[in-house]
Structures are given as structure tokens and as C-alpha cells.
Amino acid sequence: MRSPADFIATRASGVDASGIRKVFDLAAKMKDPINLSIGLPDFDVPDPAKQAAIEAIQTGQNRYTQTQGIAPLRERLRKDLSAEIGRDVGDVLITSGVSGGLFLAILATINPGDEAIFLDPYFVMYKHLLTLAGGKAIPIDSYPDFRFHPDRVEAAITPRTKLLILNSPSNPTGVVMTQQEVNAAVSLAKKHDLLMVSDEIYEPFLYAKDEGGRMKDESEKKSSDSSFILHHSSLPSAAKSYDRTIILRGFSKSHAMTGWRLGYAVGPEAIIAQMTKLQQYTYVCAPSPLQYAALAALDVDMSAAVAAYEIKRDIAFDTLSKKFEVVKPDGAFYIFPKSPGGATASAFVERAIAKNVLIIPGNVFSEKDTHFRISYATTDERLRQGCEILNSLA
Ligand code: PMP
């Protein structure tokens, strides 16, 4: 007789979630840790979006929506994205988070044996979703600067390569691709006939560069007025110069709606149509009332939140760079320092946890175990405290 475990498909058993589980097990034993592990903003959903969600529920927007999402939200996103990208991006598919968009994009394009390239360190889901689809994940070592090195990427391209997945700003490094790097990625995609998948979930979290090493004036930094925000350029996106790009964005990070499960995808019509068909038989649609709320959220100015995160980035970098080898992030809310003294990240994380600071070892996001991820999405005070404790361990 088969035991329940015997019924498990290799598709499921082939996904290894042990790294992150180990961290959660350790975390469960901690009392009120300084938690620098969480990949979500520490602010709450903006009030106008909450109100719109309540109103949508109360006025009966509780049924299935069209598979592709509600028309006003799709139209608004099409208009905004087209203006940003500089061409009509076509119809927008509303997905159940960017996770949903990633799953559908991979299911729609990857045949068994097809290869997909992305930089290592990487967002964990890429590897596992590709495995689920029968594809092959090809992580490209981007250490120690975490930049896009075209020579390394090109060396990994084979006749089976189908996708080049970009993630800028990056989880877990916070690195933002420059225009030159994006151009190089586009050149490779053109030369080798690849589809680009651009995971831009952290798009609003872009920080000003200190031109010529000049530190910005403190008062300027703390102000949330728009003159400060104007330093921020828009995200260099492959979609601007390469129309065979699927852009994936969402509301989880930008509006702190991780539990609302809302994202969106745009790209070549033939592929979006297949993703829509697959959504019909998987997620059906994104949560109905929350789609109305997302529409309201688009009118909320989130620049003060981004400015607050830039200050957190500075606290984390300025403190940790005293003791750790670390790349200064230009976006998202993560920083990825190197473990001190050649220790494995897993060993260093255990020491940090013993001091009540929760961080994640790099092997959760990488083939290597040399760095650790900090999420600085917490209060400035907790962040300072946590970074000082880590410094004391270095
Ligand atoms: N892409 C990246 C790079 C992420 O970090 C995350 C969430 N941590 C996602 C996609 C998925 O986000 P969601 O499904 O909540 O939109």
C-alpha cells in the first residue's frame, strides 16, 4: 500500500525549501527579535486604498472579475506604463501578485529542458518555478559587485536558452541596473533571440546616487518635499528598447499590500494571451474588491515613504560598511553584506540569532553561502540597533 508520501509528485519533492525553513525554525525560538529578515514594508496600506477596498466590498464588487482584471485598472496602468516606457505597452493582465505573474510567464513559455538565465544572487522563486515547469534554472555568478556582466551571461547562453530574467532593483542585493547594463542585456537578448522577463516589483524604491561622492545635505535628505524626489531618475527598463519584454510589477511592496495579492504583467500580446488563458484555469482572477482599491492606490503619493527608505538605506550602509564588505544599494530595501573573516553566512547568521538579530543567510538566494541579507524595512531605531549588534560580531 502506498503511504501518503508515495503520492507526492517529483515536481513537488524536487523543490527544496530547506534553507528558508531552517531560518524560520530558528526565528520561532526567538523572543521579540530585531527582525531584519522581512521582505515587506513597515508602513501600512495607505488609507484611501483601505477605504476603497471597504467600499468595493460594501457595494458588491465581490464576484469574479474578468480573468484579465477590471477594465478601469487595466486602462489606467496601460496609460501610465505606456507614458513611462515611451510606447503603447498593450493590454495589461492583472495577476495575483508578481508571484502569479512570474508563474504564468514561466508556465506560458518554458518547455521541459528550456533554460532561463538570471543573476545569482536571485529571488528564490525563479529557480523553483522554473523547476516546476520542467525548465532549467541557470544562475550566473554576479559576485562580488552584483552587476550585470554581459560576458558571463553570454558564456552561459545555449541553443536551449529562452528567457533572460532581470530583477532591478534586486532582491536580495538592492542593486539597480544602469542604462548601459540594460542596453547590454537587450543586445544579448536580440543577438540570441531571447525573451526578457523584467521583474520590477521594487520599481518605486529608487534612491538618488551621490554624484561624485558628494553626500547629500542632511536637511535635504530628511525633507519629503518633491524637490528631493526629483533627484530620482526613472528605472532603466529593458522594455523601453526591447518589445519582447514581459514587465512584471505589483502593489505588494509599493503600497505595502503583500497580503492583497495584486500584480500586473504587460508584454507581447501573443504571450499575455497565453498567460491570461492559464490564469483562467489557475488563479481565475486577482481579488476583486482589492483591484478597485489598487486603482485608488495609484493616486496616492508614496514619495515620502520612498524618502524614508532612502534614509534607512543610508543608516544600514553607513553603519555596516564600517565593519563589513558591502555594496551600497541603490534601490529596494535590502542590503547584502559579506560574512566576516571568511565564515559561511549560515554560521554568521546563527551567531546573529544568538544575539537576537534575525537575518537571512545568502544560500537561500544563491549557490554560495558567503553573504547575508538584511531587510532594512523596519524602524530607524531597530535598524541602528541591529546593525550595531552585527558590527560587534564582525
Ligand atoms: N519578485 C521579487 C524580486 C520579490 O522580492 C517578490 C516578493 N518578495 C516577488 C517578486 C513576489 O511578490 P508578490 O507576489 O507579493 O507580488
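Keep in mind the model is a prediction, meaning the values are calculated, not measured.

Calculation rules
Residues numbered from 1 in each chain as written. Predicted model: local features only at pLDDT ≥ 70, side-chain atom pairs only at ≥ 80, totals over all residues. Heavy atoms only, no water. Domains from an automatic or database assignment. Contact = heavy atoms within 4.5 Å. Buried area = accessible area lost by both parts, 1.4 Å probe. Salt bridge = Lys/Arg side-chain N within 4 Å of Asp/Glu carboxyl O. Nonpolar A, V, L, I, M, F, W, Y, C, P; charged D, E, K, R; others polar. Pairing = 2+ DSSP bridges. Helix = DSSP H or I, 4+ residues; strand = E, 2+ residues; numbered from the N terminus. Axes fitted to C-alpha atoms, helices over the stretch in contact; angles between N-to-C directions.

> Mind showing me how you'd approach the domain arrangement of the chain here?
By a widespread convention, an interface's size corresponds to the accessible area lost as its parts come together. Per the domain assignment, the segments making up the chain are domain 1 (4-44 + 302-393) and domain 2 (48-297). One C-alpha centre belongs to domain 1, the other to domain 2; they are set 22 Å apart. Contacts between the two partners involve 38 residues from domain 1 and, on the opposite side, 45 residues from domain 2. Across the domain 1 to domain 2 interface the summed buried area is about 3,500 Å²; carbon plus sulfur atoms make up 61%. Contact with domain 2 buries area across many residues of domain 1, yet Glu310, Asp330 and Phe365 alone supply 17% of it, more than any other trio. Joining domain 1 to domain 2, the criterion identifies 3 salt bridges. The shortest N-O distance in the salt bridge between Glu367 and Lys127 comes to 3.1 Å. Its residues placed into classes, the side of domain 1 that touches domain 2 shows 20 nonpolar, 7 polar and 11 charged.

> Sorry, what's going on with the sheet that holds strand E6 (residues 195-199) here?
Each strand in a sheet pairs with its neighbour through backbone hydrogen bonds, running either in the same direction (parallel) or in the opposite one (antiparallel). In spatial order, the strands read E2-E8-E7-E6-E5-E3-E4; together these 7 strands make up an open sheet with mixed pairing. Taken across any chain shown, the strands that pair with only one partner, and hence form the sheet edges, are strand E2 (93-95) and strand E4 (136-141). For this sheet, the mean angle separating the axes of adjacent strands, direction not counted, is 25 degrees. In terms of strand pairing, E6 meets strand E7 (residues 245-250) through 4 bridges, oriented parallel. Across the sheet, Asp199 pairs through a bridge with Leu248, a residue of E7. Of the strands in this sheet, strand E3 (115-120), E4, strand E5 (161-167) and E6 touch helix H6 (residues 125-132), which is tilted by about 165 degrees from E3.

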